Amino acid sequence: MTTGDAVDLDRKPDTSVRDETVLAQSPLLLTLVCVGCGAVLGALVPLLAQWLVTLRWAPFKGPAELLTSVPEPWLTLGATGVGALLGLVVGFLAVHESLAVRIGDAGIVLTVQDVSRLFRREDVASAHRDGKQLVLLAPDGAELARESSSLSLSRLAEALTAHGHRWELEDPHREVWRRWVPGTPDLPEGADSVLRPARARSSGTTPTTPDSWPGNCAASA
């Protein structure tokens, strides 16, 4: 500020823009859960090995005999430590791949694997959950984003509506989608060759309405 600049001491702060809301899994909690589960599974390995060696035949009986040759308590301590270490690795991966959502009046930011995507308010018509996925839709019904999410449904809905975004309990265009099977009539030529690999790519994250094709696309054939 230079000498002589006037300052309005009665000016009120601008409160028209609300603070952003950030929803994300707690990295510490998620990592601790994975480490704990890994430690428990590791502690159970010696018990499983001791049971396998009592059987006349069992898969992995050779490695089980090798494990049981390690004296206690080193066997249990070692197995528990290895399990906890593997759980720590899984925890780091889970934190890295978990979805974080930053919601503001101006738009929505989705962050996965350190990659953030901004969706401006005017570009997003609504948001909804499809199974375990968060879906953002454009005004024309096109799908802007679909990300796996374990965030609280109620917290997502509350945060989005608090910032003026539209939240739907389900896909608002669900009724115009048609179930697809190879050979479905009235589809554009070559649709089957496009939909087969698309279904294969999404097989790990099955949506609520799998193997479907928009009814308006079929009508355009």
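Residues numbered from 1 in each chain as written. Predicted model: local features only at pLDDT ≥ 70, side-chain atom pairs only at ≥ 80, totals over all residues. Heavy atoms only, no water.

Chemist: Pulling in residues and values, what's your account of the nonpolar core?
Modeler: Counting 19 residues, the largest nonpolar core has Val101, Ile108, Leu110, Leu134, Leu136, Leu156 and Trp167 as the members making the most contacts within it. Top element by residues in this core is helix 4 (residues 153-162). It accounts for 4 residues. Each residue touching Val101, except ones within four places of it in the same chain, is listed here: Thr21, Val22, Leu23, Ile108, Val109, Leu110, Leu134, Leu151 and Leu156. (Core = buried A, V, L, I, M, F, W, Y, C linked by side-chain atoms within 4.5 Å. Buried < 20%, exposed > 50% of the residue type's maximum accessible area, 1.4 Å probe, protein only. Helix = DSSP H or I, 4+ residues; strand = E, 2+ residues; numbered from the N terminus. Contact = heavy atoms within 4.5 Å.)

Chemist: I'd like a description of the sheet that holds strand 7 (residues 143-148), backed by residues and values.
Modeler: One key point about sheets: their strands pair by backbone hydrogen bonds, in either a parallel or an antiparallel sense. Overall, mixed pairing links the 4 strands, which are arranged 7-6-5-8 in an open sheet. If you trace the sheet from one side to the other, it starts and ends with strand 7 and strand 8 (167-168), each paired once. (Pairing = 2+ DSSP bridges.)

Chemist: Provide a residue-level description of the pattern of salt bridges, including the pertinent values.
Modeler: Under the defined criterion, the tally for this structure stands at 5 salt bridges. Note that Arg146 is salt-bridged to Asp130, the shortest N-O span being 3.0 Å. With Arg146 in strand 7 and Asp130 in strand 5 (residues 126-130), this pair connects stretches of sequence that are 16 residues apart. Judged by relative accessible area, which is 8%, Asp130 ranks as buried. We note a salt bridge from Glu143 to Arg146, for which the minimum N-O separation is 2.9 Å. Residue classification places Arg146 among the partly exposed residues on the basis of a relative accessible area of 27%. Connected via shared salt-bridge partners are Asp130, Glu143 and Arg146. (Salt bridge = Lys/Arg side-chain N within 4 Å of Asp/Glu carboxyl O.)

Chemist: Hey, could you go over the state of the cysteines for me, with residue numbers and the actual values?
Modeler: With the rule as written, the count across this model stands at 0 disulfides. In this model Cys34 remains outside any disulfide bridge; the closest cysteine sulfur is found in Cys37, 6.7 Å from its own. You can call Cys34 buried: its relative accessible area is 15%. (Disulfide = S-S within 2.5 Å.)

Chemist: Can you break down the side chain of Thr31 residue by residue, with the values?
Modeler: Along the polypeptide, Thr31 turns up in helix 1 (residues 27-52). Judged by its relative accessible area of 12%, Thr31 is buried. The residues contacting Thr31, other than those within four sequence positions of it, are Leu88, Gly91, Phe92 and Val95.

Chemist: Mind laying out the sheet that holds strand 1 (residues 21-23), listing which residues take part and the relevant values?
Modeler: Read across the sheet, 4 strands follow the order 1-2-3-4 without closing on themselves; strand pairing throughout is antiparallel. A strand with exactly one partner marks an edge of an open sheet, and here the two such strands are strand 1 and strand 4 (115-120). Taking the axes of each pair of neighbouring strands and ignoring which way they run, one obtains an average angle of 15° across the sheet. Sheet topology note: the strand 3 (residues 107-112)/strand 4 ladder contains 6 bridges and is antiparallel. Paired with Val109 across the strands is Leu118, a residue of strand 4. Each of strand 1, strand 2 (100-103) and strand 3 touches helix 4; the most contacted strand, strand 1, lies at about 160° to it. (Axes fitted to C-alpha atoms, helices over the stretch in contact; angles between N-to-C directions.)

Chemist: Please set out the packing of helix 1 against helix 2 (residues 61-68) residue by residue, giving values where relevant.
Modeler: Where helix 1 contacts helix 2, the axes come no closer than 8 Å and their chain directions differ by 115°. Note that helix 1 runs across helix 2; the crossing there is left-handed. Contacts between helix 1 and helix 2 involve Val45, Ala49, Gln50 and Leu52 from the former and Lys61, Ala64, Leu67 and Thr68 from the latter. Classifying every residue of the contact of helix 1 with helix 2 gives 5 nonpolar, 2 polar and 1 charged. (Left-handed = near helix turned anticlockwise from the far one by under 90°. Nonpolar A, V, L, I, M, F, W, Y, C, P; charged D, E, K, R; others polar.)

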